[in-house]
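A closer look at the structure
Residue-level listing of the chains:
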Amino acid sequence: MSLWKFSCACALALAGGLPVCATDSAPESRPAENTVETDTEFAWAPDMLLTDSGVKFSQQINRTEWDGALRFAYFRERYQPNPDVDGLGYAETIDEDRLSLLANLRQRVAGPLQLLASASYYDGYPEYRRVWIANRYRQKYDDPRFPRIRGYEEPEPKGYGVGAGARWEYVPAQAFAELRLGYQHERTAPGYMDVLFTTPSGDIDAGALASRERLDTYSVSLSSENVLTRRVRVLNEFSFADTTDRNPRFSYQGSINVALGERWVARGYGGVSTEQPTFDAHFFGLTLEYEISPTLSLLVSGRYYRDTGEIENSLPVTSAAPPLTSWEASAGVRWAVGRSTFKLQGGPFWTDYHPERGIGREFIHLYADRNWGLVQLTWSVQF
Amino acid sequence: MRSRPAPNLKLFLAALALCVLSGCVGVEKQRLVSKPNMQFSRTSIYSDSSKIMPLIQPGLVKTGGAQPSTCTLCR
């Protein structure tokens, strides 16, 4: 087919596709489809153990799809102070965790249109770096060998989020647009700085001044999923997020799935993330999958990540991460047995930080280069 | 002197744009792209994403969120 005829065919598809969407009939009543999925993920380095495990129940009944998930994350870290700037600090093993609840709803309200809603809640540390940083301030201001410094409080990080949106299948089974709006509130583990204050009796005493503890994030994301050819499916995602005391963050990720043959699939992605004044990140990855049999597939993956370091806007002490480069290689297998499907994947990855003047010095052991191992195990059953 | 895009390139770009807007592959020709491992799946079984990697690589966090600790005395 010539390009001209190809273009005409596409134009006709456009002209003819939209009315079809607008009058798409409601799906017929059918039995509920239920899925239970459990997954666990481990990442470890000589002084770190990070895990994230969860169970999710999903159900699809006619026009309604919903899922609910319970997740548990655990962080075990061998904390080390930097003696150059923390003479009283001491090494210790710290354990923290996080419990999360997540729910999603997709309700088809017209043939091509779905309304989306989501909610989430967590109690505990959202990530391992905050565990380390909070311990630094705990040792400094609440050292068991000395009285607690006035102004310091034991952190209780937690947060919740809600989201709403719409997904429009503007050409049946071929083209989808999705818009999501989100709001997230977090109570963080704050940073502290030394201050002097006058007591009621007129004496000068030392204290700790906490940074902002409560943060709000507003986000909007827009995505487009398209079947370009009989072998290629693409997804383009654009996101904006605005967090208290920070400039808006823009993120883009493009993903492409290609059926190289009857048994070969390649899944690639690449993206950028930028936030004023100085944060830029880019990343890409590729997974190759080979289907040995209808129930058994092998996977190999490679990923690359690089950024310019987190936003450094703290005057006396910074906990922001210096520039990071990271690589990952992994291999895995997915196999189906009856109604169950299992996936096991793992491999090494490496983090390489590039310390800069005035950034990362306080937490030089947190932002040390590490050789990690990563394993993911998933089990899904449909009934 | 600036070279002008070839007519065939213009047609190709127009066709590509129309494909993105309308789709060019009928349902009957979507056998390969409809396989579970060709979908942008929300399930971990067919997803290549990781729950832990965004904790280590902050640029993967799309929704913003907080840095590990906020500044106490900001510039």
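Figured I'd write up the structure that's included with this text. (Residues numbered from 1 in each chain as written. Chains lettered and ligands numbered in written order. Predicted model: local features only at pLDDT ≥ 70, side-chain atom pairs only at ≥ 80, totals over all residues.)

Our focus in this paragraph is the overall build of chain A. Scanning chain A from terminus to terminus reveals two helices and 18 strands. Counting over 383 residues, chain A shows a buried share of 30%. For chain A, the proportion of contacts with a sequence separation of at least 24, taken over those separated by at least 6, is 55%. (Helix = DSSP H or I, 4+ residues; strand = E, 2+ residues; numbered from the N terminus. Buried ≥ 20, exposed ≤ 12 C-beta atoms within 10 Å, placed from the backbone. Contact = placed C-beta atoms within 7 Å.)

Moving on to unusual backbone geometry. Residue and element names in this part refer to chain A. Cis geometry marks the peptide bond from Gln276 to Pro277; its omega dihedral reads 10 degrees. Along the chain, Pro277 falls in the loop between β13 (264-275) and β14 (279-293). At Asn62, a residue that is not glycine, the phi angle is positive and equals roughly 50 degrees. Relative to the elements of secondary structure, Asn62 occurs in the loop between β2 (48-61) and β3 (64-79).

Attention shifts here to the pairing of β14 of chain A. Residues and elements named next belong to chain A. Where β13 lies against β14, twelve bridges are found, and the strand directions are antiparallel. If you follow Ala266 over to β14, its bridge partner there is Leu288. Linking two consecutive strands that pair antiparallel, namely β13 and β14, is a turn of three residues. Both β14 and strand β15 (residues 296-307) contribute to a ladder of twelve bridges, which runs antiparallel. Its bridge partner being in β15, Gly285 is matched across the sheet by Arg303. (Pairing = 2+ DSSP bridges.)

A word on the environment of Tyr218 of chain A. All names here are of chain A. As for its placement among the helices and strands, Tyr218 is situated in strand β10 (residues 214-227). Each C-alpha atom of the pair Tyr218 and His185 lies 9.0 Å from the other, and the pair is 33 residues apart in sequence. Once residues lying within four places of it in the same chain are set aside, the contact partners of Tyr218 are Tyr183 and Asp242.

All names here are of chain A. Secondary-structure assignment places Trp264 in strand β13. Assessed through the 12 C-beta atoms surrounding it within 10 Å, Trp264 is described here as exposed. Separated by 25 residues in sequence, Trp264 and Glu289 have C-alpha atoms that sit 5.7 Å apart.

Next up on the list: the pairing of β2 of chain A. All names here are of chain A. The pairing of strand β1 (residues 33-45) with β2 spans 13 bridges and is classified as antiparallel. Directly across from Phe42, in β2, lies its bridge partner Thr51. Of the strand pairs in this sheet, β2 and β3 are connected by 14 bridges, and their pairing is antiparallel. Along β3, the bridge assignment pairs Leu49 with Arg76. Hairpin remark: β2 followed by β3, antiparallel, with two residues in the connecting loop; positive phi at Asn62, about 50 degrees.

This paragraph deals with the nonpolar core. Counting residues in each nonpolar core, the largest one holds 35 residues, and the members touching the most others are Leu50, Phe75, Tyr128, Val131 and Trp132 of chain A together with Ile52 of chain B. Those elements giving two or more residues to this core turn out to be β3, α2 (128-141), β14, β17 (340-353) and β18 (370-382) of chain A together with α2 (53-56) of chain B. Ranked by residues supplied to this core, first place goes to α2 of chain A with seven residues. Apart from the residues within four sequence positions on either side, Val131 of chain A is in contact with Phe75, Glu77, Ile94, Glu96 and Tyr125 of chain A. Core analysis: the next-biggest nonpolar cluster, separate from the first, contains eight residues, Val227 and Ala259 of chain A together with Cys24 and Val33 of chain B among them. (Core = buried A, V, L, I, M, F, W, Y, C linked by C-beta atoms within 7 Å.)

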